[in-house]
Amino acid sequence: MSSLLWSVLLQWSRIGLNAIVFLIAARTLSLEQFGAFATAFAVIKLTQGIHNAGIGETVV
């Protein structure tokens, strides 16, 4: 498989996994718990973007 195909597959799998986690959390948690979960998860998602953009380049 080409590297482009692997890259597309990786991006779509990340979107799919995030959607599955969101749907499971929405179905199992109460509204207040889901709000707390979403707030905590937003911090993780924001720091992942910073990590992907900067940390990997500084290590090299």
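The residue count restarts for each chain, going from 1 along the sequence in the order it is written. In keeping with the model being predicted, local features are shown solely for residues with a pLDDT of at least 70 and side-chain atom pairs are shown and tallied solely at 80 or more, while totals for entire chains, interfaces and linings include all residues. Calculation of side-chain values draws on the structure's entire complement of heavy atoms; hydrogens and water are dropped beforehand.

Participant: Quick one: what's the story with the overall build of the protein, residue by residue and with numbers?
Facilitator: Here a helix means four or more residues in a row that DSSP labels H or I, a strand means two or more in a row labelled E, and each is numbered from the N terminus. Looking only at helices and strands, one finds two helices and zero strands in the protein. With a 1.4 Å probe rolled over the protein chains alone, any residue whose accessible area is under 20% of its type maximum counts as buried; one over 50% counts as exposed, and the rest are partly exposed. Looking at the protein residue by residue over its 60 residues, the buried ones come to 3%. Carbon and sulfur atoms make up 74% of the accessible area of the protein, which totals about 5,200 Å². For the accessible areas, the method is Shrake-Rupley and the probe is 1.4 Å, while residue cover comes only from the protein chains on display.

Participant: Explain a nonpolar patch on the surface to me, using residue names and the numbers behind them.
Facilitator: On the surface, Leu4, Val8, Trp12 and Ile15 cluster together into a nonpolar patch covering about 460 Å² of accessible area. Residue placement: Trp12 occurs in helix H1 (residues 3-28). Relative accessible area serves as the criterion here: at 59%, Trp12 is assigned to the exposed category. Surface patches are defined over residues having more than 30% relative accessible area and no salt bridge, joining like charges when they lie within 9 Å and nonpolar side chains (Val, Leu, Ile, Met, Phe, Trp, Tyr) when within 5 Å. Throughout this description, the term salt bridge denotes a Lys or Arg side-chain nitrogen within 4 Å of a carboxyl oxygen of Asp or Glu.

Participant: How would you sum up the environment of Leu29? Please name residues and give values.
Facilitator: The topology assignment puts Leu29 in the loop between H1 and helix H2 (31-59). Beyond its immediate stretch of four places on either side in the chain, Leu29 contacts Phe34 and Phe37. The contact criterion used is simple: two residues touch if any of their non-hydrogen atoms lie within 4.5 Å.

Participant: Give a description of the packing of aromatic side chains that names residues and reports values.
Facilitator: Aromatic contacts are taken between Phe, Tyr and Trp rings whose centres are within 6.5 Å, Trp giving its six-membered ring; a plane angle under 30 degrees counts as stacked, one over 60 as edge-to-face, and the others as tilted. Applying the stated criterion across every chain yields a total of three aromatic pairs. Relative to Phe34, the ring of Phe22 has its centre 5.4 Å away and its plane inclined at 65°; by these criteria the two rings are edge-to-face. Here Phe34 lies in helix H2 and Phe22 lies in helix H1, a separation of twelve residues in the sequence. A residue is classified by how much of its surface remains accessible, and Phe34, at 17% relative accessible area, is buried. Seen in terms of ring centroids, Phe37 and Phe41 are 5.6 Å apart; in terms of plane orientation they differ by 10°. Their pairing is stacked. Placement of both Phe37 and Phe41 in helix H2 is noted, with a separation of four residues, approximately one turn of the helix. Here the aromatic residues Phe22, Phe34, Phe37 and Phe41 are joined through ring pairs into a cluster of three or more.

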